[in-house]
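# Examining the three-dimensional arrangement
Read off the chains here:
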Amino acid sequence: MTRRGVTVSTAVGIVILVFALGLFRISRALCFQLIGTPICHVDTREKLVALTFDDGPTPDGVSYILSTLKPYDAHATFFLIGQEMVRHPGEVRRLLAAGQEVGNHSYSHKRMWGLFPGDYVEEIRRTDGLLRDEGARPDLFRPPFGKKLTGLPIAVEQTGYRMVTWDVTDPEDAHDSRRYADRVLDKVKPGSIILIHAMYRSRGVARGALPLILAGLRDRGYRAVSVSELLHHRAPGMASGSVGG
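Report follows, based on the coordinates. Bear in mind that the values here come from a model prediction, so they are computed numbers and not experimental data.

## Structural notes on the overall build of the protein chain
Scanning the protein chain for helices and strands turns up nine helices and seven strands. Looking at the protein chain as a whole, 48% of its 245 residues qualify as buried. Pairs at least 24 apart in sequence give 77% of the contacts found in the protein chain among residues at least 6 apart. As presented, the protein chain carries roughly 11900 Å² of accessible surface, and 55% of it is formed by carbon and sulfur atoms.

## Side note on the layout of surface pockets
Computed from the structure, the largest pocket encloses a volume of approximately 730 Å³. Lining the largest pocket we find 28 residues, and of these Trp166, Thr169, Asp170, Glu172 and His197 sit closest to its centre. No other element matches the three residues that helix α7 (residues 177-187) contributes to the lining of the largest pocket. The residue inventory of the lining of the largest pocket, partitioned by class, reads 11 nonpolar, seven polar and 10 charged.

## Some points on the nonpolar core
Residues Leu51, Phe53, Leu69, Phe78, Ile196 and Ile213 are the most contacted members of the largest nonpolar core, which totals 45 residues. Among the elements that line this core, the one with the most residues is helix α8 (residues 204-219), at six residues. Discounting residues that sit within four places of it in the chain, isoleucine 213 has contacts with Tyr180, Ala181, Val184, Leu185 and Ile196. Within the second largest apolar cluster, 14 residues are counted, among which are Ala50, Leu140, Val164 and Val227.

## Here we look at the pattern of salt bridges
Any two side chains of opposite charge can pair if their charged atoms end up close together. Tallying each qualifying case throughout the model produces 13 salt bridges. Close ionic contact of aspartate 173 with arginine 179 constitutes a salt bridge, the shortest N to O distance being 3.7 Å. Through salt bridges that share partners, Asp60, Arg201 and Arg207 make up one connected network.

## Description of the pairing of strand β6 (residues 193-196)
Burial of the side chains of β6 extends over both faces: Ile193 and Leu195 are buried on one face and Ile194 and Ile196 on the other. Bridge analysis of strand β1 (residues 48-54) against β6 gives four bridges, and the strand direction is parallel. Paired with phenylalanine 53 across the strands is isoleucine 196, a residue of β6.

## Details of helix α5 (residues 117-133)
In this model α5 runs 25 Å from its N-terminal to its C-terminal C-alpha over 17 residues, within 8% of the 24 Å that 1.5 Å per residue would give. On its buried face, α5 sits against β2 (76-80), α3 (82-87), α4 (91-97), β3 (101-104), β4 (140-141) and α6 (151-158). Two residues or fewer after α5 comes glycine 135, characterised by a positive phi angle close to 100°.

## A short note on the packing of helix α2 (residues 59-69) against α8
As a packed pair, α2 and α8 sit with axes 10 Å apart at the nearest point and diverge in direction by 20°. One way to sum up the angle between α2 and α8 is to call them roughly parallel. Handedness of the α2/α8 crossing: right-handed. Of the residues in α8, those touching α2 at Asp60, Gly61, Tyr64, Ile65, Thr68 and Leu69 are Arg207, Gly208, Leu210, Pro211 and Leu214.

## Description of unusual backbone geometry
The residue after glycine 56, namely proline 57, is reached through a cis peptide bond having omega 15°. Residue aspartate 73 is not a glycine yet carries a positive backbone phi of 50°. Mapping aspartate 73 onto the fold places it in the loop between α2 and β2. One non-glycine residue, phenylalanine 145, lies in the positive phi region at around 60°. Following the sequence through the fold, phenylalanine 145 ends up in the loop between β4 and α6.

Reading guide: rules and limits
Residues numbered from 1 in each chain as written. Predicted model: local features only at pLDDT ≥ 70, side-chain atom pairs only at ≥ 80, totals over all residues. Heavy atoms only, no water. Helix = DSSP H or I, 4+ residues; strand = E, 2+ residues; numbered from the N terminus. Buried < 20%, exposed > 50% of the residue type's maximum accessible area, 1.4 Å probe, protein only. Contact = heavy atoms within 4.5 Å. Areas by Shrake-Rupley, 256 points an atom, 1.4 Å probe, with all protein chains shown as cover. 1 Å grid on protein atoms, 1.4 Å probe; cavity = no way out; pocket = protein on both sides within 12 Å on 5 of 7 lines; lining within 4 Å. Points joined across faces, edges and corners; volume = space filled by probe spheres on them. Nonpolar A, V, L, I, M, F, W, Y, C, P; charged D, E, K, R; others polar. Core = buried A, V, L, I, M, F, W, Y, C linked by side-chain atoms within 4.5 Å. Salt bridge = Lys/Arg side-chain N within 4 Å of Asp/Glu carboxyl O. Pairing = 2+ DSSP bridges. Expected span 1.5 Å × (residues − 1). Axes fitted to C-alpha atoms, helices over the stretch in contact; angles between N-to-C directions. Parallel < 35°, antiparallel > 145°, perpendicular 65-115°, else oblique. Left-handed = near helix turned anticlockwise from the far one by under 90°.

Put into structure tokens, the structure is as follows:
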């Protein structure tokens, strides 16, 4: 191959690499997507935050989280996986009976990019059917691993859902519950959407941090609510796109 041919091939490779890296960054962006606007934060003047829990449901996880929320009169949104609902029937009804909100977290919990268009819709609709069979009327969807490009946002809109991400999440470097809770509380502001992974027994640090987070929120004058309730308290005059600010 000539030097010119090598140069052109190298340039094309660099362009493809930059494009791929750009798509990867977009897929991970919590407050931006190519089509539509994800809800990662709600503009409000009130000291409210939305608690959200991903994955499950598992009987043990539901029991632990509900018993921890109750003394604080706290409410949350649980984004649930369809396959887990099949394994553990009745857990959605337990959450609803406790006054909690449930949302759609796909059926298989795959990374939802690179799929065929129909696959996105099927992932959402299968779990939607399971949620509705348990008495829920869901309209909030959280992408597995927070991954999304164009196909998933289109499918979310087509199925009547709204995309919900977060602005505060599990601190990856927190290896004890106190540090975990402090890192979360340091990032909280009015309108934050907090993601906590506490559904499985392997998440012992997060589970231990949950009562510390709830106590810290209370001491700071915050009230923990579901995503839908937080949206009802959006500041007057804020456009719908501002929720993901």
